[in-house]
Amino acid sequence: MYRIVIADDEPLIRVDLREMLEDIGHRVVGEAGDGKEAYALIDQMKPDIVMLDIKMPGMDGIELAKKVARRYPVIIVTAFCEKGLIEQARDAGVMAYITKPFLDRVLSPAIELAVSHFLEKSSLTEKVYHLKEQLETRKVIDRAKGLLIEHEKLTEAQAYRKMQTISMDKNKPLKDVAEAIILMLG
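What counts, and at which threshold
- In every chain, residue numbers begin from 1 and rise along the written sequence.
- Two thresholds apply to this predicted model, a pLDDT of at least 70 for residue-level local features and 80 or more for giving and counting side-chain atom pairs, whereas whole-chain, interface and lining totals are computed over all residues.
- Here the side-chain values reflect all heavy atoms present in the structure, with hydrogen atoms and water set aside.
- Put simply, DSSP H or I for four residues or longer makes a helix, DSSP E for two residues or longer makes a strand, and each gets a number counted from the N terminus.
- For each residue, the accessible area found with a 1.4 Å probe, counting protein chains only, is set against the maximum for its type, and the residue is called buried under 20%, exposed over 50%, and partly exposed in between.
- Counted as a polar contact is a pair of N or O atoms within 3.5 Å, where, for protein atoms, one must be capable of donating a hydrogen and the other of accepting one, and residues adjacent in sequence contribute only when both atoms are in side chains.
- Here, two residues are considered to be in contact whenever any of their heavy atoms come within 4.5 Å of each other.
- The pairing test for Phe, Tyr and Trp rings, Trp by its six-membered ring, is centres within 6.5 Å, and the orientation test on the planes gives stacked under 30 degrees, edge-to-face over 60, and tilted for anything in between.
- Put simply, a charge is over a ring when the Lys NZ or the Arg CZ is close to the ring centre, within 6 Å, and near the line of the ring normal, within 35 degrees.
- UniProt positions are given in the numbering used here, feature names are shortened, and annotations may be inferred rather than shown by experiment.
- All axes are obtained by fitting lines to C-alpha atoms, using only the stretch in contact for helices, and the reported angles, taken between N-to-C directions, cover 0 to 180 degrees.
- Just so you know how the angles are binned, under 35 degrees is roughly parallel, over 145 roughly antiparallel, 65 to 115 roughly perpendicular, and the rest oblique.
- Here is the rule for handedness: rotate from the far helix to the near one, and if that takes an anticlockwise turn smaller than a right angle the crossing is left-handed, while a clockwise turn gives right-handed.
- Note that Gly is not counted as nonpolar here; it falls among the polar residues with everything else outside the nonpolar set of Ala, Val, Leu, Ile, Met, Phe, Trp, Tyr, Cys and Pro and the charged set of Asp, Glu, Lys and Arg.
- A helix is expected to span 1.5 Å for every residue after the first.
- Working definition: the arc comes from the directions between the helix axis and the C-beta atoms, pointing outward to the latter.
- A pair of strands counts as paired when DSSP detects no fewer than two bridges linking them.

## Some details on the side chain of Thr78
And then number 1: With respect to the element layout, Thr78 can be found in strand E4 (residues 74–78).
And then number 2: Thr78 gets classed as buried once you look at its relative accessible area, which sits at 0%.
And then number 3: Only 3.2 Å separates the side chain of Thr78 from the side chain of Asp53, close enough to count as a polar contact.
And then number 4: Setting aside its immediate chain neighbours within four residues, Thr78 contacts Asp53, Ile54, Tyr97, Ile98, Thr99 and Lys100.

Below is the structure:
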(Lines give C-alpha, C1' and ligand atoms only; values in the text may rest on other atoms or scores of the structure.)
Protein backbone atom coordinates (compact mmCIF):
# COMPACT_ATOMS: atom_id res chain seq x y z
CA MET A 1 0.00 0.00 0.00
CA TYR A 2 1.34 3.39 -1.01
CA ARG A 3 0.43 6.82 0.32
CA ILE A 4 -0.52 8.96 -2.68
CA VAL A 5 -1.17 12.64 -3.37
CA ILE A 6 -3.29 13.33 -6.44
CA ALA A 7 -3.62 16.65 -8.26
CA ASP A 8 -6.13 17.35 -11.00
CA ASP A 9 -8.19 20.45 -11.66
CA GLU A 10 -11.30 18.32 -12.33
CA PRO A 11 -12.97 17.28 -9.03
CA LEU A 12 -14.76 14.33 -10.69
CA ILE A 13 -11.46 12.92 -11.96
CA ARG A 14 -9.97 13.23 -8.46
CA VAL A 15 -12.94 11.37 -6.97
CA ASP A 16 -12.72 8.58 -9.57
CA LEU A 17 -8.96 8.29 -9.19
CA ARG A 18 -9.16 8.22 -5.39
CA GLU A 19 -11.80 5.48 -5.47
CA MET A 20 -9.79 3.37 -7.93
CA LEU A 21 -6.62 3.77 -5.90
CA GLU A 22 -8.37 2.89 -2.66
CA ASP A 23 -10.04 -0.11 -4.33
CA ILE A 24 -6.62 -1.52 -5.23
CA GLY A 25 -5.32 -0.99 -1.71
CA HIS A 26 -3.62 2.41 -1.72
CA ARG A 27 -4.32 5.41 0.49
CA VAL A 28 -4.87 8.88 -0.92
CA VAL A 29 -3.40 11.22 1.69
CA GLY A 30 -4.18 14.43 -0.15
CA GLU A 31 -5.90 15.97 -3.13
CA ALA A 32 -5.33 19.26 -4.88
CA GLY A 33 -7.06 21.14 -7.68
CA ASP A 34 -4.08 23.20 -8.83
CA GLY A 35 -0.31 22.90 -9.03
CA LYS A 36 0.61 25.38 -6.29
CA GLU A 37 -1.80 23.76 -3.83
CA ALA A 38 -0.40 20.36 -4.82
CA TYR A 39 3.18 21.51 -4.22
CA ALA A 40 2.34 22.65 -0.69
CA LEU A 41 0.39 19.45 -0.04
CA ILE A 42 3.24 17.24 -1.26
CA ASP A 43 5.66 19.10 0.99
CA GLN A 44 3.31 18.68 3.95
CA MET A 45 2.19 15.06 3.43
CA LYS A 46 5.45 13.55 2.09
CA PRO A 47 3.64 10.84 0.11
CA ASP A 48 5.12 7.71 -1.44
CA ILE A 49 3.80 8.63 -4.91
CA VAL A 50 2.56 11.79 -6.62
CA MET A 51 -0.06 11.60 -9.38
CA LEU A 52 -0.49 14.78 -11.46
CA ASP A 53 -2.56 16.07 -14.32
CA ILE A 54 -0.54 18.02 -16.87
CA LYS A 55 -2.91 20.95 -17.38
CA MET A 56 -3.64 22.61 -14.05
CA PRO A 57 -3.96 26.24 -12.99
CA GLY A 58 -1.23 27.85 -10.91
CA MET A 59 1.50 25.44 -11.94
CA ASP A 60 1.14 22.72 -14.54
CA GLY A 61 1.96 19.09 -13.84
CA ILE A 62 5.24 19.11 -15.75
CA GLU A 63 6.52 22.17 -13.89
CA LEU A 64 5.49 20.56 -10.60
CA ALA A 65 7.11 17.26 -11.59
CA LYS A 66 10.40 19.11 -12.16
CA LYS A 67 10.21 20.33 -8.55
CA VAL A 68 9.37 17.02 -6.87
CA ALA A 69 10.58 14.17 -9.11
CA ARG A 70 13.92 13.85 -7.32
CA ARG A 71 12.13 13.12 -4.05
CA TYR A 72 9.02 11.22 -5.19
CA PRO A 73 7.96 8.93 -8.02
CA VAL A 74 5.68 11.03 -10.25
CA ILE A 75 2.93 9.60 -12.43
CA ILE A 76 1.19 11.82 -14.96
CA VAL A 77 -2.54 11.12 -15.39
CA THR A 78 -3.80 13.22 -18.27
CA ALA A 79 -6.04 13.43 -21.34
CA PHE A 80 -3.14 14.77 -23.40
CA CYS A 81 -0.86 12.37 -25.23
CA GLU A 82 1.05 14.52 -27.68
CA LYS A 83 4.63 13.42 -28.22
CA GLY A 84 6.00 16.78 -27.08
CA LEU A 85 4.20 16.57 -23.73
CA ILE A 86 5.38 13.02 -23.18
CA GLU A 87 8.98 14.12 -23.87
CA GLN A 88 8.62 17.07 -21.50
CA ALA A 89 7.25 14.73 -18.82
CA ARG A 90 10.13 12.33 -19.34
CA ASP A 91 12.65 15.17 -19.10
CA ALA A 92 10.95 16.38 -15.90
CA GLY A 93 11.62 13.00 -14.26
CA VAL A 94 8.14 11.50 -14.59
CA MET A 95 8.19 7.73 -14.01
CA ALA A 96 4.86 6.80 -15.68
CA TYR A 97 2.31 8.41 -18.00
CA ILE A 98 -1.33 7.31 -18.02
CA THR A 99 -3.91 8.76 -20.41
CA LYS A 100 -7.53 9.42 -19.52
CA PRO A 101 -9.96 7.80 -19.49
CA PHE A 102 -7.93 5.36 -17.45
CA LEU A 103 -8.87 1.95 -16.15
CA ASP A 104 -8.15 0.62 -12.68
CA ARG A 105 -6.27 -2.33 -14.20
CA VAL A 106 -3.77 0.13 -15.68
CA LEU A 107 -3.05 1.83 -12.36
CA SER A 108 -1.38 -1.04 -10.49
CA PRO A 109 1.26 -1.81 -13.14
CA ALA A 110 1.97 1.90 -13.66
CA ILE A 111 2.40 2.43 -9.92
CA GLU A 112 4.68 -0.58 -9.49
CA LEU A 113 6.83 0.39 -12.47
CA ALA A 114 7.02 4.03 -11.36
CA VAL A 115 8.14 3.08 -7.86
CA SER A 116 10.61 0.49 -9.16
CA HIS A 117 12.14 2.90 -11.69
CA PHE A 118 12.29 5.67 -9.09
CA LEU A 119 14.12 3.45 -6.61
CA GLU A 120 16.53 2.28 -9.29
CA LYS A 121 17.21 5.85 -10.43
CA SER A 122 17.66 7.00 -6.83
CA SER A 123 20.14 4.21 -6.21
CA LEU A 124 22.13 5.08 -9.33
CA THR A 125 22.11 8.78 -8.43
CA GLU A 126 23.44 7.92 -4.98
CA LYS A 127 26.17 5.73 -6.48
CA VAL A 128 27.23 8.51 -8.85
CA TYR A 129 27.34 10.95 -5.92
CA HIS A 130 29.53 8.58 -3.89
CA LEU A 131 31.84 7.99 -6.86
CA LYS A 132 32.22 11.74 -7.34
CA GLU A 133 33.00 12.10 -3.63
CA GLN A 134 35.60 9.34 -3.84
CA LEU A 135 37.18 10.94 -6.88
CA GLU A 136 37.29 14.34 -5.16
CA THR A 137 38.82 12.76 -2.05
CA ARG A 138 41.42 10.97 -4.17
CA LYS A 139 42.36 14.25 -5.90
CA VAL A 140 42.78 16.06 -2.57
CA ILE A 141 44.87 13.21 -1.09
CA ASP A 142 47.06 13.05 -4.21
CA ARG A 143 47.64 16.79 -4.11
CA ALA A 144 48.58 16.64 -0.41
CA LYS A 145 50.93 13.71 -1.08
CA GLY A 146 52.58 15.71 -3.83
CA LEU A 147 53.12 18.64 -1.50
CA LEU A 148 54.61 16.38 1.20
CA ILE A 149 56.89 14.75 -1.37
CA GLU A 150 58.05 18.17 -2.58
CA HIS A 151 58.42 19.93 0.79
CA GLU A 152 59.59 17.07 3.02
CA LYS A 153 61.40 14.99 0.39
CA LEU A 154 59.34 11.89 1.16
CA THR A 155 58.52 9.00 -1.13
CA GLU A 156 54.90 8.61 -2.19
CA ALA A 157 54.44 5.71 0.25
CA GLN A 158 55.99 7.72 3.11
CA ALA A 159 53.81 10.74 2.36
CA TYR A 160 50.67 8.61 2.34
CA ARG A 161 51.70 6.84 5.55
CA LYS A 162 52.34 10.20 7.23
CA MET A 163 48.82 11.36 6.33
CA GLN A 164 47.35 8.07 7.58
CA THR A 165 49.21 8.42 10.89
CA ILE A 166 47.98 11.98 11.38
CA SER A 167 44.47 10.87 10.46
CA MET A 168 44.51 8.11 13.08
CA ASP A 169 46.21 10.22 15.77
CA LYS A 170 43.80 13.12 15.34
CA ASN A 171 40.78 10.89 14.64
CA LYS A 172 40.08 12.89 11.48
CA PRO A 173 39.13 11.67 8.02
CA LEU A 174 42.05 11.36 5.63
CA LYS A 175 40.46 13.95 3.34
CA ASP A 176 40.41 16.51 6.19
CA VAL A 177 44.09 15.84 6.91
CA ALA A 178 44.92 16.23 3.21
CA GLU A 179 43.00 19.53 3.04
CA ALA A 180 44.90 20.82 6.10
CA ILE A 181 48.23 19.88 4.49
CA ILE A 182 47.21 21.70 1.30
CA LEU A 183 46.34 24.80 3.35
CA MET A 184 49.69 24.68 5.16
CA LEU A 185 51.96 23.80 2.27
CA GLY A 186 49.97 24.79 -0.80
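Past the structure itself, the notes keep going.
## So, the packing of aromatic side chains
When we look at a pair of aromatic rings, we describe it by the centre distance and by the angle of the planes.
And then number 1: Under the criterion given, the structure shown has 0 aromatic pairs.
And then number 2: Against the face of Phe80 rests Lys55, its NZ or CZ located 4.9 Å from the ring centre.

## Topic: the UniProt feature "domain: ANTAR" (unreviewed entry) in the chain
And then number 1: The sites that UniProt annotates as "domain: ANTAR" (unreviewed entry) are residues 121–182.
And then number 2: A helix fraction of 90% and a strand fraction of 0% characterise residues 121–182, whose end C-alpha atoms lie 36 Å from each other.

## Description of the packing of helix H6 (residues 156–170) against helix H7 (residues 174–185)
And then number 1: Following both chains from N to C, one finds H6 and H7 inclined at 115 degrees, their axes separated by 9 Å at the closest point. Between H6 and H7, the crossing angle belongs to the class labelled roughly perpendicular. For H6 against H7, the interelement crossing comes out right-handed. Every residue of H7 that contacts H6 at Tyr160, Met163, Gln164, Ile166 and Ser167 is listed here: Leu174, Val177, Ala178 and Ile181.
And then number 2: A class-by-class count of the residues in the contact of H6 with H7 yields 7 nonpolar, 2 polar and no charged.

## What to know about H6
And then number 1: The terminal C-alpha atoms of H6, which comprises 15 residues, lie 21 Å apart, in line with the 21 Å expected from a rise of 1.5 Å per residue.
And then number 2: Every buried residue belonging to H6 is among Ala159, Met163 and Ser167, and all of these are buried. The buried side chains of H6 occupy one side of the element, clustering within an arc of 75 degrees when seen end-on. Summarising the geometry of H6, the exposed residues directed more than 90 degrees from the buried face are Ala157, Met168 and Asp169.
And then number 3: Buried residues belonging to H6 abut helix H5 (104–152) and H7.

## Section: the UniProt feature "domain: Response regulatory" (unreviewed entry) in the chain
And then number 1: Summarizing the sequence annotation, UniProt attributes the feature "domain: Response regulatory" (unreviewed entry) to residues 3–115 in the numbering used throughout.
And then number 2: With 47% helix and 21% strand, the stretch residues 3–115 has end C-alpha atoms that lie 12 Å from each other.

## Considerations on the sheet that holds strand E2 (residues 27–32)
And then number 1: The strand order E2-E1-E3-E4-E5 describes an open sheet built from 5 strands, whose pairing is parallel. Each edge of the open sheet carries a strand with a single partner, namely E2 and strand E5 (96–99). Taken pair by pair, the neighbouring strands of this sheet meet at an average axis angle of 20 degrees, ignoring direction.
And then number 2: In terms of strand pairing, strand E3 (residues 49–52) meets E4 through 3 bridges, oriented parallel. Directly across from Leu52, in E4, lies its bridge partner Ile76.

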